[in-house]
Every structure is written in structure tokens, then in C-alpha cells.
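# A look at the structure
Listed below, chain by chain, are the residues.
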Amino acid sequence: MCTTCGCGTGETRVAGKAVSAPEDAQAVDAVREMPQLSGEGSGGASGIAQGAHAVDAHQHPDSRRQFHMPTHSHGHGSEHAHVPSAIQESTTPSRMVQIERDILAKNDGYAAENRRRLEERGIFALNLVSSPGSGKTSLLCRTIEALKTQLTIVVIEGDQQTSRDAERIRATGVAAVQINTGKGCHLDAHMVGHALHDLAPADDSLLLIENVGNLVCPAAFDLGEAHKVVILSVTEGEDKPLKYPGMFHAASLMVLNKVDLLPYLSFDSALAIRYALQVNPALQVIPLSATTGEGFEQWLVWLRAGCAASQEKKAAMVASLQRRIAELEAQLAAVSGA
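### What to know about the overall build of the protein chain
Per the secondary structure count, the protein chain includes 12 helices and nine strands. Evaluated residue by residue, the protein chain yields a buried proportion of 51% over its 338 residues. Long-range contacts, defined here as pairs at least 24 residues apart, represent 75% of the contacts in the protein chain between residues at least 6 apart.

### Comments concerning the nonpolar core
Counting residues in hydrophobic clusters, the biggest one holds 30 residues, and the most contacted among them are Leu-126, Leu-139, Ile-153, Val-155, Val-229, Trp-299 and Trp-302. Within the residue set of this core, elements represented by two or more residues are β3 (124-130), α6 (136-147), β4 (153-159), α7 (164-170), β6 (206-210), β7 (227-233), β8 (253-257) and α12 (296-337). Sort the elements by how many residues they give to this core and α12 lands first, with six residues. Excluding residues within four positions of it along the chain, Trp-299 makes contact with Leu-126, Leu-139, Thr-143, Val-229, Leu-253, Val-255, Ile-286 and Leu-288. Ranked by size, the runner-up nonpolar core spans 18 residues in total, among them Ala-219, Val-234, Met-247 and Met-254.

### Some words on α6
Note: α-helices contain 3.6 residues per turn, so residues at a spacing of three or four share the same orientation. With 12 residues, α6 should cover 16 Å at 1.5 Å per step; its first-to-last C-alpha distance of 16 Å lies within 8% of that length. Among the residues making up α6, those that are buried are Lys-136, Thr-137, Leu-139, Leu-140, Cys-141, Thr-143, Ile-144 and Leu-147.

### A short note on helix α11 (residues 269-279)
Along α11, the residues classified as buried are Ser-269, Leu-271, Ala-272, Tyr-275, Ala-276 and Val-279. Burial along α11 is one-sided: seen end-on, the buried residues are contained in an arc of 165 degrees. Projecting away from the buried face of α11 at angles above 90 degrees are the exposed residues Ala-270, Arg-274 and Gln-278. Looking at the packing, one finds that the buried side of α11 touches β7, α9 (240-243), α10 (245-250) and β8. Capping the start of α11, Asp-268 holds a side-chain oxygen 3.2 Å from the backbone nitrogen of Ala-270, two or three residues further along.

### Quick look at the side chain of Asn-214
Inspection of the secondary structure assignment puts Asn-214 in the loop between β6 and β7. Since its relative accessible area comes to 14%, Asn-214 is described here as buried. Within the local environment of Asn-214, its side chain forms a polar contact with the backbone oxygen of Cys-185, the two atoms lying 3.0 Å apart. A polar contact of 2.8 Å, which involves the side chain of Asn-214, links it to the backbone nitrogen of Val-216.

### Some points on the packing of α6 against α12
It is the contact of α6 with α12, at a shortest axis distance of 11 Å, that shows an interaxial angle of 70 degrees. Classified by the angle their axes make, α6 and α12 are roughly perpendicular. Residues Leu-139, Arg-142, Thr-143, Ala-146 and Leu-147 of α6 pack against Phe-296, Trp-299, Leu-300, Leu-303 and Arg-304 of α12. Here the contact of α6 with α12 is built from residues that sort into seven nonpolar, one polar and two charged.

### Description of the packing of aromatic side chains
What describes a pair of aromatic rings is the distance from one ring centre to the other and the angle between the planes of the rings. Per the counting criterion, the structure on display carries two aromatic pairs. Ring centres 6.1 Å apart and planes at 55 degrees place the aromatic pair Phe-124 and Trp-302 in the tilted group. With Phe-124 in strand β3 and Trp-302 in helix α12, this pair connects stretches of sequence that are 178 residues apart. When its relative accessible area of 14% is taken as the criterion, Trp-302 is described as buried. Between Trp-299 and Trp-302 the ring centres are 5.9 Å apart and the planes differ by 10 degrees, which places this aromatic pair in the stacked class.

### Observations regarding the confidence of the model for the protein chain
Put simply, the protein chain has an average pLDDT of 80, and 71% of its residues get 70 or more. In the predicted structure, residues 21-65 sits below a pLDDT of 50 and forms 72 contacts with residues beyond four places in sequence or in another chain. Throughout residues 68-88 the model reports pLDDT below 50, and contacts reaching past four residues in sequence, or to other chains, amount to 96 contacts.

### Considerations on unusual backbone geometry
With a phi close to 65 degrees, Asp-204 is a non-glycine residue in the positive phi region. Along the chain, Asp-204 turns up in the loop between α8 (189-199) and β6.

### Notes on the environment of Ala-250
With respect to the helices, strands and loops of the structure, Ala-250 is situated in helix α10. Residue class for Ala-250 comes out partly exposed when judged on its relative accessible area of 33%. Separated by 29 residues in the primary sequence, Ala-250 and Phe-221 place their C-alpha atoms 10.0 Å from one another.

### Section: the pattern of salt bridges
Per the counting criterion, the structure on display carries 13 salt bridges. Notably, a salt bridge pairs Lys-313 with Glu-119, separated by 3.2 Å at the nearest N-O pair. In this pair, Lys-313 is assigned in helix α12 and Glu-119 in helix α5 (residues 93-120), connecting sequence segments 194 residues apart. What makes Glu-119 partly exposed here is its relative accessible area of 29%. Note that Glu-225 and Lys-228 form a salt bridge whose closest N and O atoms lie 2.8 Å from each other.

Calculation notes
Residues numbered from 1 in each chain as written. Predicted model: local features only at pLDDT ≥ 70, side-chain atom pairs only at ≥ 80, totals over all residues. Heavy atoms only, no water. Helix = DSSP H or I, 4+ residues; strand = E, 2+ residues; numbered from the N terminus. Buried < 20%, exposed > 50% of the residue type's maximum accessible area, 1.4 Å probe, protein only. Contact = heavy atoms within 4.5 Å. Core = buried A, V, L, I, M, F, W, Y, C linked by side-chain atoms within 4.5 Å. Expected span 1.5 Å × (residues − 1). Arc of directions from axis to C-beta. Polar contact = N/O pair within 3.5 Å; in protein donor to acceptor, adjacent residues only side chain to side chain. Axes fitted to C-alpha atoms, helices over the stretch in contact; angles between N-to-C directions. Parallel < 35°, antiparallel > 145°, perpendicular 65-115°, else oblique. Nonpolar A, V, L, I, M, F, W, Y, C, P; charged D, E, K, R; others polar. Phe/Tyr/Trp six-rings, centres within 6.5 Å; stacked < 30°, edge-to-face > 60°. pLDDT = per-residue confidence, 0-100. Salt bridge = Lys/Arg side-chain N within 4 Å of Asp/Glu carboxyl O.

Structural data, given as C-alpha cells:
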């Protein structure tokens, strides 16, 4: 978890704009400078966790539909906190576990709101996760080129620094928003809510979220996506699923990328897939090459099916709402006629 990985807070930027620290992050910063911390009561770590989100509602400068919680504050705050070492050192293991649970619970609230709004609009959202250098951006670029005449596609790019990947995506002709996490090691649902506000994706579109390169922390943070897709390249070890089981367990699909390099490597694809299925027996696997296009059609078929399912779900929701409206109108007419 991020309470032990050294991941920092307070440096998040969405589309180049700083996301200011909310009251709860400021409280954590203040605690860092305190000489001592009580492990009990409102002055200790639990008090910070429990009071972390007593923040006021905010307004956006335009009327675009919101994709995030209506009463959250703007910031990489302690809802996904990387709890300061001062707090860790003064807190019992059981209390630290409770803080981590509070952190993830708050993130899950933002994710649920993102998911509700995406589903209402028939948007198929994927969270692409991997080690650095697995080929996520190359996979996205080739996917966009293959599907951009068939689907509306938007992208959220996550990196600690630079907007290089977002620029690569925009060069394909689709909209992309860059999130820079600073010292942060993963995206969270709060950041994604802000990025969605800037993107304002159309109904029935495909949303591709490229997470920060990391096989640990992103596994724990729901963004509101329909699926996590883990990319494993053949230039890595076959035992990655066993070394990082949380990520492979959380994913719905594993893309085994760079298969065009297999003749030059000692990588055992069958063994890597076996390890992945050992961790997650329900995991789907698609071997492909984002460079040559080998195996790419299976990936595109999976994406098209996901988009169609999201659109069908939205249509069913609309139809259900229309039936309910008709029922209420009939009841009102019956009462009026009586």
C-alpha cells in the first residue's frame, strides 16, 4: 500500500492545472511538523482519517456534466493518502489498517460516482495498468488508429511527469487529458473525475485510461472503470503474475504484448499464462504485438463487444425509466379521472 511505498501528495496536475490540496491534505501536512502524535482521540491519526473529508461543495466554471462526486474537494488529498511516516511511526498496526481502509473507502465512493455517470451515458471505460515500458501507449495508439472511424475515443493519460504520452495520443486525432501525479504512484478516482470533466466524453464512447506504470498500487484503486486490463510484455519475466498477484487478480483481461520479440527471447508464454490463470482463473488472455499488429483483431473484437454491451446497458436503463414514467403518468391519469 501507499502508506509504505513513499508515494507523495500535493503535486497533482490535470491538463496542466494544479489541483490544490484540500483541507484534509493541509491537516496531514500540519501533522508532519508536530513533534509528537497521540495514537488516540481526535488529535491522532484516526482523527485525521475520520475528519478528512469535511469539505464544502464546489462549483465548476461551466455547465458541462460532472463525472465526479458533487461534494469533493480539489486535490490529491488523504482519500488516497500516502500517510506520512510520522503518522505511521506513532500508530499501531491495527489503526494503520483502519486508516488504509478509510482511504480506499473514500476512493471507492468517488469511483462509484464515476461509474454511475459513465454507465448512464453508455461509455465503456478501461483502466490500463502495467509495469513501465510494457507498451501501453503504443497499444493505445494502434488501437485508436484501428477504431477511430468506428468509435468515439477519448484518453486519460497518467504519468508522474511530462505530457509526452498525451501528445502522442493527440497526434492520432483524439482528445486526451494528461494527469501528472508528481510523487504519486497511481491514478485515483478523484483525479479521473476531474479529467472527465475536462474531456466531457460523448455518449457511447470508448474511454481508455492509461495508469501510471506500476504493478502494485493501481491494483487497489478503483477509478470507476468497467475493467482493468493488465499489459504484460514478453520482455518481462514469466513470473510477474506470481510476484504481483494483486494486479492480475484485479484485472479482467491480460494483454501479452510484444509477441513479435519471442523468437529473440527465452520468455515462456505458456508458463506466463499459466501463472496468470493460477492467480485469476477467470482472467482472459490476448497475446498480441502493438508494433506489428499480430493478434490485434482479437483485442479489437473484445473492445467492440465491450462498447456494444455498455450501449445496450444504457439503452435498457433508458427504456426502464421510460416505462416507469409511463406507469406514473397512467396512475396520475387514473387518479385525475376518478
